[in-house]
Amino acid sequence: MSTSEAIYAGWMEISDSAVEQARMQAEDTALAALIDQYSGTLYRVAFSVLRNPADAEDAVQEAFLRVLRHRHTLHEVRDHRVWLIRIVWNVVLDRKRRAKTRPETDDVADLARVLPSSGLSAEEIAAAAQHHAHVLACVDKLPPKEREVLLLSAFEELSSVEIASVLGITESSVRSRLFRARNLMAELLDHARSLR
Amino acid sequence: MNPTPDNPLPSGAVPAPASFPVSFPASLDDTLRLVAHAPVPAGLKERVHASLMEAAPHGVAPRRARILMWPASGDPSAIWMGNGWLRTAAAAAIVFVVAGGGWGMYQRVERPTAKVIVMPVAQPATSGGFSSAGAIRTPQTVKGPVVMQPVTKTTSKKQTRKKTSARLAAPSQPAAQAPIVIAQPVSAVAGGK
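Thresholds applied
Residues numbered from 1 in each chain as written. Chains lettered and ligands numbered in written order. Predicted model: local features only at pLDDT ≥ 70, side-chain atom pairs only at ≥ 80, totals over all residues. Helix = DSSP H or I, 4+ residues; strand = E, 2+ residues; numbered from the N terminus. Buried ≥ 20, exposed ≤ 12 C-beta atoms within 10 Å, placed from the backbone. Contact = placed C-beta atoms within 7 Å. pLDDT = per-residue confidence, 0-100. Axes fitted to C-alpha atoms, helices over the stretch in contact; angles between N-to-C directions. Parallel < 35°, antiparallel > 145°, perpendicular 65-115°, else oblique. Left-handed = near helix turned anticlockwise from the far one by under 90°. Nonpolar A, V, L, I, M, F, W, Y, C, P; charged D, E, K, R; others polar. Expected span 1.5 Å × (residues − 1).

This part takes up the overall build of chain B. Along its length, chain B carries 5 helices and 0 strands. The helix and strand sequence of chain B, counted from the amino end, reads α-α-α-α-α. Residues counted as buried form 8% of the 193 residues belonging to chain B.

And the structure:
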């Protein structure tokens, strides 16, 4: 007699604790799969805002801790990737807000570590890092709404619909903000060039 | 940058400055792409797994309502009638106290009666003062309009003919009463002259 037949016949009883344990095991497996699949994406999203490897890793861990807290609702989530990016995005923005009181990190040094070093001399790497740091400083001068859309649009795996879902706005808003952001960036960079 | 048609501006729309190696938007795209494709540190997944295991060896329990979630000492079954009964009793006691307090306050507060306007009693004039001597002022009224009944002067010929024929056809009526003349005594008349 199979297990289900035995249960229907009333011969066997599965305790609630066993059911609960099986459910928790399934949730753990699902969570582990999410970590394996999306931790890299979440790290890059966090790094694009925080620009510090250690802070970005902390943000990823905090995001997955939040996921762990709500793991019993994992089956209700339709798009795990967008859902996770939204979580890490909120974590990152919280950290960024709190970090305003702290001294800013050295963007140039962090970017120099990120830059691909193949075929470049140390001087070229330093110059490129300085240039990228300058561009990112201009990005930081953008209004928050435009800056967020601009940073998220850099991720090729995110469409405008998904960016809208992450930010909780409409797709048309994403497009208009992106348009404004790029115009503002052109003005800022032009202004910086004229000052030189 | 995103190669999809999400980007409203084409790359390289702004002329390239002399100091920068590439044009502005292209430079911006390069920078953003560089940041967005930052290499993931080795062992990130393992560290995340480890941090989750440290944070919750048996998994972090989902947040529940924190009301009445005090830790029970020892085995819950050791407590009289189980932990759930205690919680239920405590909840009932809280509800009873709150409801009883509310009812007590409701009973103590004077409820307003029906709205009756009490007119002050007219006090007699104090001695030495002036009084109205019971006079009541009557407001002047305006005379109302007098409605005049329209008088119809013209009567139809038929009506007049009918009236005349009726008068002629009628039998001999007694003569109109002569005015009553009160005879006066002669003496009185003669004396008057």
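Bringing the overall build of chain A into the picture now. From N to C terminus, chain A includes 9 helices and 0 strands. Burial analysis of chain A (196 residues in total) assigns 32% to the buried set. Contacts in chain A between residues at least 24 apart in sequence constitute 60% of all its contacts with a sequence separation of at least 6.

With that settled, consider the confidence of the model for chain A. When pLDDT is averaged along chain A, the result is 80; 81% of the residues meet or exceed 70. The least confident element of chain A, judged by mean pLDDT, is helix 1 (residues 3–9) of chain A at 55; the most confident is helix 8 (residues 160–167) of chain A at 90.

All right, on to the packing of helix 4 (residues 80–98) of chain A against helix 8 of chain A then. Describing two packed helices takes the angle between their axes plus the distance from one axis to the other. All names here are of chain A. Put simply, helix 4 and helix 8 touch, their axes get as near as 9 Å, and they point 45° apart. As far as their axial angle goes, helix 8 and helix 4 are oblique. As for how helix 4 packs across helix 8, the hand of that crossing is right-handed. Touching V82, I85, R86 and W89 of helix 4 are E162, S165 and V166, all from helix 8. Along the lines of polarity and charge, the residues of the contact of helix 4 with helix 8 split into 4 nonpolar, 1 polar and 2 charged.

Now for the environment of V91 of chain A. Residue and element names in this part refer to chain A. With respect to the element layout, V91 can be found in helix 4. For V91, a count of 24 C-beta atoms within 10 Å puts it in the buried group. Along the primary structure V91 and R66 are separated by 25 residues, whereas in three dimensions their C-alpha atoms are 9.4 Å apart. Residues in contact with V91, not counting those within four places in the same chain, are A59, E62 and A63.

What follows concerns the environment of H49 of chain B. Position of H49 of chain B among the secondary structure elements: in helix 2 (residues 44–55). C-beta crowding within 10 Å serves as the criterion here: with 17 such atoms nearby, H49 of chain B is assigned to the partly exposed category. Discounting residues that sit within four places of it in the chain, H49 of chain B has contacts with A32 and I35 of chain A.

With that settled, consider the packing of helix 8 of chain A against helix 9 (residues 171–195) of chain A. All names here are of chain A. Look at helix 8 against helix 9: their axes get within 8 Å of each other, and the N-to-C directions meet at 100°. By the angle between their axes, helix 8 is roughly perpendicular relative to helix 9. Two secondary-structure elements touch here, helix 8 through S160, V161, I163 and A164 and helix 9 through E171, S173, V174 and R175. Considered class by class, the residues forming the contact of helix 8 with helix 9 number 4 nonpolar, 2 polar and 2 charged.

Moving on: the confidence of the model for chain B. Residues and elements named next belong to chain B. This prediction gives chain B a mean pLDDT of 66; 45% of its residues lie at or above 70. Here helix 5 (residues 186–192) stands out as the least confident element of chain B, with mean pLDDT 47; helix 3 (residues 82–108) is the most confident, with 89. Below pLDDT 50 for its whole length, residues 60–66 participates in 8 contacts with residues either more than four positions away or in separate chains. Interface predicted TM-score (ipTM) for the complex: 0.71; the corresponding pTM is 0.53.

Time to look at helix 6 (residues 122–140) of chain A. Taking 1.5 Å of rise per residue, the 19 residues of helix 6 of chain A would be expected to cover 27 Å, and the 26 Å separating its terminal C-alpha atoms lies within 8% of that figure. Listed in full, the buried residues belonging to helix 6 of chain A are A129, H132, V135, L136, C138 and V139 of chain A.

Residue and element names in this part refer to chain A. Even without a glycine there, the phi angle at R51 is positive, about 55°. Within the element layout of this structure, R51 appears in the loop between helix 2 (16–50) and helix 3 (53–69). By the C-beta count within 10 Å, which is 21 here, R51 ends up buried.

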